[in-house]
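# Structural characterization, general
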Amino acid sequence: MPRQSKNKFEIINNEIHITREGWPLIGLTTYREDYYEELSSKTWSLTKPNSDTEDKGYLSNGTLGLLHRYIAGKWSAKMF
């Protein structure tokens, strides 16, 4: 049986909204069926914010890495 994510995933207006209890923000990305299952089967954490740069943190997973890099890799792989 696959491991259950600690996050909540909702598809709203063609976006995947990723939340978790205690998070001050909602993580989101564009919805695509070809990677939704992989994203939603993982637990995502928020990296530590940096008040010097106003960075509020990034979504990260131990297997897939940073969410924005994972998505960029999926998009560029579809282009070529």
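The structure this text deals with has already been given above.
The shown structure was predicted, so the numbers you read here are calculated from the model rather than taken from an experiment. (Residues numbered from 1 in each chain as written. Predicted model: local features only at pLDDT ≥ 70, side-chain atom pairs only at ≥ 80, totals over all residues. Heavy atoms only, no water.)

## Remarks on the nonpolar core
Soluble globular proteins tend to pack their nonpolar side chains together in the buried interior. Listed in full, the 12 residues of the largest apolar core are Phe9, Ile16, Ile18, Trp23, Tyr35, Leu39, Trp44, Leu59, Leu64, Leu67, Tyr70 and Ile71. Only β2 (15-19), α1 (33-40) and α2 (67-79) provide two or more residues apiece to this core. Broken down by element, this core gets its largest block of residues, 3 residues, from α2. Excluding residues that lie within four positions of it along the chain, leucine 39 makes contacts with Phe9, Ile16, Thr29, Trp44, Leu67, Tyr70 and Ile71. (Core = buried A, V, L, I, M, F, W, Y, C linked by side-chain atoms within 4.5 Å. Buried < 20%, exposed > 50% of the residue type's maximum accessible area, 1.4 Å probe, protein only. Helix = DSSP H or I, 4+ residues; strand = E, 2+ residues; numbered from the N terminus. Contact = heavy atoms within 4.5 Å.)

## Some details on the sheet that holds strand β1 (residues 8-12)
Spatially, the 3 strands line up as an open sheet ordered β1-β2-β3, and their pairing is antiparallel. The strands lining the two open edges of the sheet, one partner per strand, are β1 and β3 (27-30). Geometrically, the sheet is characterised by an average inter-axis angle of 25 degrees between neighbouring strands, direction not taken into account. (Pairing = 2+ DSSP bridges. Axes fitted to C-alpha atoms, helices over the stretch in contact; angles between N-to-C directions.)

## Brief notes about the layout of surface pockets
By volume, the largest pocket is sized at about 160 Å³. In terms of lining, the largest pocket is formed by 13 residues, of which the most central are Gly27, Leu28, Tyr58, Leu59 and Leu67. For the lining of the largest pocket, the secondary structure elements donating two or more residues are β3 and α2. Counting residues per element, the lining of the largest pocket draws most heavily on β3, which supplies 3 residues. Per-class residue counts for the lining of the largest pocket are 8 nonpolar, 4 polar and 1 charged. (1 Å grid on protein atoms, 1.4 Å probe; cavity = no way out; pocket = protein on both sides within 12 Å on 5 of 7 lines; lining within 4 Å. Points joined across faces, edges and corners; volume = space filled by probe spheres on them. Nonpolar A, V, L, I, M, F, W, Y, C, P; charged D, E, K, R; others polar.)

## Concerning the pattern of salt bridges
Using the criterion set out here, one finds 2 salt bridges in the structure. Between lysine 74 and glutamate 38 there is a salt bridge, with the nearest N and O atoms lying 4.0 Å from each other. Of the two residues, lysine 74 is situated in helix α2 and glutamate 38 in helix α1; the sequence distance between them amounts to 36 residues. Owing to a relative accessible area of 27%, lysine 74 belongs among the partly exposed residues under this scheme. Note on glutamate 38: relative accessible area 32%, which makes it partly exposed. (Salt bridge = Lys/Arg side-chain N within 4 Å of Asp/Glu carboxyl O.)

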